[in-house]
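In case you want the letters, here they are:
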Amino acid sequence: MEICLFFLLHFRRHDLLESGEICSHTLPNPHSHICLDDSLEWASPLPSILPSLPRNLLHETTICRREARPAFPRWVFVLLCRLSYPQPRSLDQKRLDVLTLTPWLAPIVWEGTFNSELLDSAYKPLNLTIGVTAFAIGKYTMFVGRFVESAEKLFMKGYRVNYYIFTNDPQVIPRVQLQPGRSLSIVPIKKYSHWQEISMRRMEAINRHIAEVSHREVNYLFCLDIDMVFHNPWGVETLGEMVAAIHPGYYNVPRSQFPYERRSSSAAFIPDSQGDFYYAGAVFGGLLKQVYEFTRACHMTILADKANGIMAAWQEESHLNKRFFSHKPSKLLSPEYVWDDTKPKPPEVRLIRFSTVNKDYKEIRD
Amino acid sequence: MDIKKVHIVIPIVMAGIIGYLGTKIMDIKKVHIVIPIVMAGIIGYFGTEIMDIKKVHILIPIVMAGIIGYLGTKIMDIKEVHILIPIVMAGIIGYLGIPHISRPSSQPVRQVDLDETSLVISRMSYPQPFVDKPQRTDVLLMSPWLAPIMWEGTFNRDILNAQYRQKKFVVGVATFAVKKYVRFIEGFLGSANKFFLSGHRVNFYLFTDHPEKVPSMKLAPEKSLFIIPVQNYSRWQDISMNRMDIISNRIRTHWHYEVDYLYSMDIDVQMFEHIGVEIIDTLVGTISSWQYTKPRDSNSYERRPESRAAIPSGEGDFYYAASFYGGSVSEVYKLTTACFKGVTEDRANGIEAKWHEESHLNKYLLYHKPTRLLSPEYYWDEELPRPQIIRVKRLSSVRKDLEEVRS
């Protein structure tokens, strides 16, 4: 009889959790694993029902497989004017020191592999708007100024850009002078007591924001960390359906040493023998619909872990890595695009385009 | 039935058999009813590790069977029937219940998103790609506009197949066998059947002026052959150039609804190695085996400004071969329409481009950059000696006497 009771409870627990009414700590947990931070209690349940994309967006999308003929998001670059540039030569590989193509044929963007002028002449006539989300919560608001100022000089120069700064304290966000065609909007969100929780809720917040606001305003969206600065140009070579960036700390390390989540009870689990790259949580992006799908999927695995009372080793970065392993990105950015200034620059990284600002973690995570 | 249903029915049936035999061997005790149920439960539970059916939905029928069996021993005499009935009921409930559980829901996803591709990928074993270890350093792997170039050694076809299979695309191949070129049909279809997108759906559209000469061939189940009668022309150049027009029209009338991707290939070729889903992309051109080493000003582009196919000196990326190109059906439509328009305008002006529709193709692909390029492995001219750099010859032209076959 005990067995029956146990199964009934199990069944009931799943049902209630789905409606988001209860917190995982109140019921017996068959997968009793210790949370990374035992003291962490989720302030309120993560919603399991996310807003859906507006209908008009769904028709263009490749996600909607109920369509008879799927859409082709890969654009053909049309050169409208004559352009002079060096000829690409079949036997002349530009970068001999690094991998430039993944086994699933996604380009890895390194300095030297692309021609900016050529790409600009193809993209500029399309009148694209590129969105950037960044979370500036609590003391992290102090990074907004430098982030936006450097982005104004180096991020997608000459294109329309919308910055979306998610913050709990709109008052302290500095007013930065923006180039024409660029705008900054502040998205108020709640501050949670634990930095891990703030971090994990980003996926949900971005997803919701896409459905409610940015789907009307941008074609591509990048989700970046705020505590970073642009040092060199970041252009349209980074645009793609789904774009991930290779983490600077693990790009020449065997996969068994990647800090993936290794507990099999987590939804972000990747075994030792698997994995392509370790991707950074600080940079991801792509076509709006793909980012919507991606953030939804990550949020769902975060929810699944929450139901089992487990928090992944590197919070949403672990879930991001899991998702990118099973649904491979269509383009990768080299560590030039997400660098850690505390590391010495190796010869492969010829340019540092975007990197961390030195900070005292204890002090700002509060 | 589905493999998933099998995993549920097997433990139920086993439980039933053990229960039934148990009644023969020894006195019925509650134990003999509960043991097979529990075993079935354990087997079913471990089965959930293999697939994504919720454990709950397998255990419910098992538990019900156990309860009914247990209560049955109390209420009436135990006969074999009373053991089998709950087991069979559980089996039926489990079997019927499964379709409702495994159908994906459009509203909140109740569990981690595990579609077929990610399941296949999560079971794959392949070497790690290392960022500081490029696969090939002797050839260009990406164009300056970041279009990948297909060379042997740079891609893992298993991953590509896993990603492709789920999308259920249909690929069309248009090829022309006019006049004496009908002799190449058997070689083309025979090798394509074996090596072209093996395992994936392909519609071969064979245009010919002699439909009666097409040999009957047994093709793989996912390959189909459509024979379309076409007019021939006295000049082989016209036959060649009019292909663009025929393809363009056919896309508009038929192929737009029938296929997702369309490739145009010469008939006088044979395949020797697999050509797989790495060729599938929005707009694809093949780098010519004659001209892949040449500087742009030595490329055989049309240079006379009177022709619509003219490319001024100082311009040009690669020289593309008209023997193998393709892409999404809408992009190929745009390409063939534009190229044939150029051909028509040239004819009206009394000029014919140096390499006929290939010149127009090159002009088009210079200003509409392909999203993917195929290396000369994908069309190798048989007359050329093959260098080390071309590790694999996937498709090559058949040796022939050009003068004789074109007469």
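Residues numbered from 1 in each chain as written. Chains lettered and ligands numbered in written order. Predicted model: local features only at pLDDT ≥ 70, side-chain atom pairs only at ≥ 80, totals over all residues. Heavy atoms only, no water.

**So, the overall build of chain B**
Each helix and strand counted, chain B has 11 helices and 11 strands in total. Within chain B, the proportion of its 407 residues that are buried is 53%. In chain B, once contacts between residues fewer than 6 apart in sequence are set aside, the share between residues at least 24 apart is 75%. Accessible surface for chain B amounts to roughly 18,100 Å². Of this, 57% is attributable to carbon and sulfur atoms. (Helix = DSSP H or I, 4+ residues; strand = E, 2+ residues; numbered from the N terminus. Buried < 20%, exposed > 50% of the residue type's maximum accessible area, 1.4 Å probe, protein only. Contact = heavy atoms within 4.5 Å. Areas by Shrake-Rupley, 256 points an atom, 1.4 Å probe, with all protein chains shown as cover.)

**Here's the deal with the sheet that holds strand 2 (residues 108–109) of chain A**
Backbone-to-backbone hydrogen bonds pair the strands of a sheet. The strands run either parallel or antiparallel. Residue and element names in this part refer to chain A. Ordered by their spatial adjacency, 8 strands build an open sheet running 2-10-8-9-6-3-4-5, and the pairing between neighbours is mixed. The open sheet is flanked by strand 2 and strand 5 (182–188), the only strands paired with a single partner. Where strand 3 (residues 129–136) lies against strand 4 (residues 160–167), 8 bridges are found, and the strand directions are parallel. Residue pairing in the sheet places Thr 133 in a bridge with Tyr 164 of strand 4. Helix 6 (residues 202–212) rests against strand 3, strand 4, strand 5, strand 6 (220–224) and strand 9 (279–287) of the sheet, and its axis sits at about 145° to strand 3. Sheet contacts for helix 7 (residues 288–307): strand 6, strand 8 (242–246) and strand 9; angle to strand 9, the most-contacted strand, approximately 135°. (Pairing = 2+ DSSP bridges. Axes fitted to C-alpha atoms, helices over the stretch in contact; angles between N-to-C directions.)

**Examining the packing of helix 9 (residues 329–348) of chain B against helix 10 (residues 357–367) of chain B**
Helix-helix packing is characterised by the crossing angle of the two axes and by the distance between the axes. Residue and element names in this part refer to chain B. Here helix 9 crosses helix 10 at 130°, and the two axes come no closer than 9 Å. Judged by the inter-axis angle, helix 9 sits oblique to helix 10. Judged by the sense of rotation from one axis to the other, the crossing of helix 9 with helix 10 is right-handed. Between helix 9, through Glu 331, Lys 334, Leu 335, Ala 338, Cys 339, Gly 342, Val 343 and Asp 346, and helix 10, the contact on the second element is made entirely by His 360, Leu 361, Tyr 364 and Leu 365. When the residues that make up the contact of helix 9 with helix 10 are grouped by side-chain class, the tally is 7 nonpolar, 2 polar and 3 charged. (Parallel < 35°, antiparallel > 145°, perpendicular 65-115°, else oblique. Left-handed = near helix turned anticlockwise from the far one by under 90°. Nonpolar A, V, L, I, M, F, W, Y, C, P; charged D, E, K, R; others polar.)

**Things to note about the interface of chain B and chain A**
Each side of the interface is counted separately: chain B has 83 residues, and chain A has 72 residues. Where chain B abuts chain A, roughly 6,700 Å² becomes buried across the two surfaces, and 61% of that area is made up of carbon and sulfur atoms. Interface area lost by chain B to chain A is led by Val 131, Pro 144 and Leu 146 of chain B, which between them contribute 11%. Summed over the shared surface of chain B and chain A, the number is 1 salt bridge. Ionic pairing is found between Arg 82 of chain A and Glu 315 of chain B, a salt bridge with its closest N-O pair at 3.1 Å. Linking chain B to chain A there are 25 residue pairs in polar contact (both at pLDDT 80 or more). Counting residues per element, the ones that place at least two in the side of chain B that touches chain A are helix 3 (55–75), helix 5 (116–122), strand 1 (149–150), helix 6 (157–165), helix 8 (236–258), strand 7 (283–287), helix 10 and strand 9 (368–369) of chain B. Ranked by residues supplied to the side of chain B that touches chain A, first place goes to helix 3 of chain B with 6 residues. (Buried area = accessible area lost by both parts, 1.4 Å probe. Salt bridge = Lys/Arg side-chain N within 4 Å of Asp/Glu carboxyl O. Polar contact = N/O pair within 3.5 Å; in protein donor to acceptor, adjacent residues only side chain to side chain.)

**Description of the packing of aromatic side chains**
Under the criterion given, the structure shown has 35 aromatic pairs over all chains. Aromatic side chains Phe 258 of chain A and Tyr 260 of chain A sit 5.4 Å apart centroid to centroid with 80° between the ring planes, which places their arrangement in the edge-to-face category. Per residue, the accessibility class of Phe 258 of chain A equals that of Tyr 260 of chain A, and both read buried. An angle of 25° between the planes, with centres 4.5 Å apart, marks the rings of Phe 294 of chain A and Phe 324 of chain A as stacked. Of the two residues, Phe 294 of chain A sits in helix 7 while Phe 324 of chain A sits in helix 8 (residues 316–326), which places them 30 residues apart along the sequence. One exposure class covers both Phe 294 of chain A and Phe 324 of chain A, and it is buried. Taken together, Phe 147, Phe 155, Phe 222, Phe 230, Trp 234, Tyr 337 and Phe 354 of chain A form an aromatic cluster joined through their ring pairs. Above the ring of Tyr 192 of chain A, the side-chain terminus of Arg 201 of chain A is found at 4.3 Å from the ring centroid. Sitting over the face of the ring of Phe 130 of chain B, Lys 133 of chain B holds its NZ or CZ atom 4.5 Å from the ring centroid. (Phe/Tyr/Trp six-rings, centres within 6.5 Å; stacked < 30°, edge-to-face > 60°. Lys NZ or Arg CZ within 6 Å of the ring centre and 35° of its normal.)

**So, the pairing of strand 3 of chain A**
Along any regular strand, the residues point their side chains to alternate faces of the sheet. All names here are of chain A. Counting buried residues along strand 3, 8 of its 8 residues qualify, which places the element largely inside the surrounding structure. With helix 4 (residues 144–154) bridging strand 3 and the parallel strand 4, this β-α-β connection has right-handed handedness. As defined by bridge partners, strand 3 adjoins strand 6 across 4 bridges and the pair is classed as parallel. Residue pairing in the sheet places Val 132 in a bridge with Phe 222 of strand 6. (Right-handed = clockwise from strand over helix to strand, strands pointing away.)

**A look at the side chain of His 247 of chain A**
By the element assignment, His 247 of chain A lies in the loop between strand 8 and strand 9. If we skip the residues at most four places from it in the chain, His 247 of chain A touches Tyr 278, Tyr 279, Ala 280 and Glu 317 of chain A.

**Re the environment of Val 259 of chain B**
Position of Val 259 of chain B among the secondary structure elements: in the loop between helix 8 and strand 5 (261–265). Between the C-alpha atoms of Val 259 of chain B and Pro 144 of chain B, which are 115 residues apart in sequence, the distance is 30 Å.

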